[in-house]
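Notes for the structure review
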Amino acid sequence: MIHMNDVMKVYDNGAIALNHINVDIKKGEFVFLVGPSGAGKSTFIKMLFREVLPSSGILTVNGRDIIHMSNKDVPYLRRSLGVIFQDYRLLPDKTVYENIAFAMQVIEAPRRMMQRNVNNVLDIVGLRDKYKCFPNQLSGGEQQRVAIARAIVNNPAIVIADEPTGNLDPETSWGIMDIFKNINASGTTIVMATHDKTIVDAMQKRVIAIEHGEIVRDEARGGYGYEH
Amino acid sequence: MSINTVEYFIREVIHSLRRNNWMSVASIGTVAVSLFIFGMFLMLVMNMNKMVDAMESQVQIMVYLEDDFSRDDARDLEVDLKKMQGVEKVTFVPKEEAMEKFKERLGDQKTLLDALDETNPLPDSFEVMVLQPEMVKTAAENIEKFEGVNSAKYGQDVMEHLFDITRLIRIFGFALMMVLALATLFIISNTIRLTVFARRKEIAIMKYVGATDWFIRWPFVLEGIVMGFLGSLIASVVLRLTYSGITAKIYDTLAFFPLIPEEPFLNYVTMIVVIGGMIMGAIGSTVSIKRFLKV
Ligand SMILES: Nc1ncnc2c1ncn2[C@@H]1O[C@H](COP(=O)(O)OP(=O)(O)O)[C@@H](O)[C@H]1O
Ligand SMILES: [Mg+2]
């Protein structure tokens, strides 16, 4: 699913965000990216959906060569991915339903599929009865569920999340993690950058630790490994 | 493109025009003013072209005689003129008849002539017709050499001055239109830029979920086209009213000054103006999206 070979990222200002990155992530895996702030987690995540272009190395996602792909193919790469951010990024003037349907609308999905898929993901994230609400009428946890629903409504092969529980209290975070577990259980690959030690330790999934732009640990069933 | 998508685009455009209310109005107004001025120049140039054409195809020479030339001598001159090569027809116009004709042409304004107090300043004249327009110039030059001829005037003569004027108007009009077009493009692209800015979050999300660049661009391009279209409609209506007004006025006061008839002329002008407006809208928005959207 994801293959990195000696990937390096140097930003325009000369900052080396990632260096000598070698990683293979297989279909159906659940992977945590951990490490201190500024380690390069977000850069790693952004390269996967080509928000950031690697400076050198080989990177393939879903069989697509990220470095050599043309700009006009990027939308099709992204349709095979679901992206989730710490700050939800919902549209405030659209309802829950519209926010999720928007992701289908803009890729010109057939309308008859739309209603079915949206209702389906509303069930998965447990927000069926709130479909008419606007984001400002929802709690942070609920907003993140909407964002997750939007990310999976087009049935992506990989879900990528950058600190999805970063703004949430522990209780709420567990609810979010349950949803990710369920999504993963249905065969979707998940790559998640996080700071949350408790969650990583409890989940016992693959952990890739990054420090100063380099991978310092890659364990199949690991814990967070830092004292925070 | 599915109906679903078309519907979505239309909703987006309406939504956006409403959101940028006064900017949209300003853009539409600028388009309207620019296109109105453009249309006025277009109609002016076309009318002048028509006049030049009409004069160029004339085969008539007006031969004005000296004041003291007697009617007997004039009859001899008529015979001489008729013998000239290329001359088809010669008609004598006595000064009294010339005055009558002049009064007729002035119509309502003939009271102007009261100041003349029944004196007649017009000379006797001949209307000379030649066979072909190309012969007019040489014939007139030869006629002027005859005894008793004061001057021989023909349309092309006037036309040469007119040509200088039309050229000036064309150059000036063209320069003005360029400035107006640039101003219009500028304000349209600015309005669209505001729209893009207002919707940057939405655009970012669209990109994350895999919308194509064209899908993202279309509503903005459409918005530009719609603004151009609305502006050109306003310009067309005002242009039509203005031209009708001018035609009516000229018909009342200067009946001999022929304008191009309103139909179908105004329909062509409207078509050009509307298409021009939509093209300006499309270019204005495309430019700003290229600059500010970076999709
Ligand atoms: N757009 C950017 N331009 C320049 N430097 C950047 C940019 N984004 C991130 N960096 C730098 O790259 C390094 C890794 O950042 P990031 O990937 O955001 O780390 P993390 O998500 O682990 O906190 C940091 O040193 C950061 O300052
Ligand atoms: Mg980060």
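Residues numbered from 1 in each chain as written. Chains lettered and ligands numbered in written order. Predicted model: local features only at pLDDT ≥ 70, side-chain atom pairs only at ≥ 80, totals over all residues. Heavy atoms only, no water.

1. Points about the pairing of strand E4 (residues 56-61) of chain A
Residue and element names in this part refer to chain A.
- Sheet analysis places strand E1 (residues 2-10) next to E4, joined by five bridges and oriented antiparallel. Looking at E4, one finds that Asn5 is bridged to Ile58.
- Pairing analysis gives two bridges linking E4 to strand E5 (residues 64-65), with the strands arranged antiparallel. The partner of Thr60 across the bridge, within E5, is Asp65. (Pairing = 2+ DSSP bridges. Helix = DSSP H or I, 4+ residues; strand = E, 2+ residues; numbered from the N terminus.)

2. A short note on the domain arrangement of chain B
- Here chain B is described as being made up of domain 1 (3-55 + 159-293) and domain 2 (59-154).
- In this structure, domain 1 of chain B and domain 2 of chain B have C-alpha centres spaced 49 Å apart. (Domains from an automatic or database assignment.)

3. Side note on the site of ligand 1
Residues and elements named next belong to chain A.
- Looking at ligand 1, the residues that line it are Tyr11, Asn13, Ala17, Pro36, Ser37, Gly38, Ala39, Gly40, Lys41, Ser42 and Thr43.
- A distance of 2.7 Å separates an oxygen atom of ligand 1 from a polar atom in the backbone of Gly38.
- Between Ser42 and ligand 1, the recorded distance is 2.7 Å, taken from a side-chain N or O atom to an oxygen atom.
- Burial of ligand 1 by the protein chains amounts to 62% of its free accessible area of 560 Å².
- With three residues, helix H1 (residues 41-48) is the single largest residue contributor to the shell around ligand 1.
- In the shell around ligand 1, the residues fall into four nonpolar, six polar and one charged. (Near = heavy atom within 4 Å. Polar contact = N/O pair within 3.5 Å; in protein donor to acceptor, adjacent residues only side chain to side chain. Areas by Shrake-Rupley, 256 points an atom, 1.4 Å probe, with all protein chains shown as cover. Nonpolar A, V, L, I, M, F, W, Y, C, P; charged D, E, K, R; others polar.)

4. Examining the sheet that holds strand E2 (residues 16-25) of chain A
Residues and elements named next belong to chain A.
- The four strands are arranged E2-E1-E4-E5 in an open sheet whose pairing can be described as antiparallel. Where the open sheet ends on each side, the last strands, each with one partner, are E2 and E5.
- On the sheet, H1 packs against E1, E2 and E4 and is oriented at approximately 120° with respect to E1. (Contact = heavy atoms within 4.5 Å. Axes fitted to C-alpha atoms, helices over the stretch in contact; angles between N-to-C directions.)

5. Describing the pattern of salt bridges
- In this structure the tally under the stated criterion is 16 salt bridges over all chains.
- With a closest N to O distance of 2.9 Å, Asp218 of chain A and Arg206 of chain A form a salt bridge. Linking Asp218 of chain A in strand E10 (residues 214-219) with Arg206 of chain A in strand E9 (residues 206-211), this pair joins segments that are 12 residues apart in sequence.
- Between Glu7 of chain B and Arg11 of chain B there is a salt bridge, with the nearest N and O atoms lying 4.0 Å from each other. On the criterion of helical spacing, the pair formed by Glu7 of chain B and Arg11 of chain B is a turn pair, its members being four residues apart in helix H1 (residues 3-19).
- Among the charged side chains, a salt-bridge network with shared partners connects Glu29, Arg206 and Asp218 of chain A. (Salt bridge = Lys/Arg side-chain N within 4 Å of Asp/Glu carboxyl O.)

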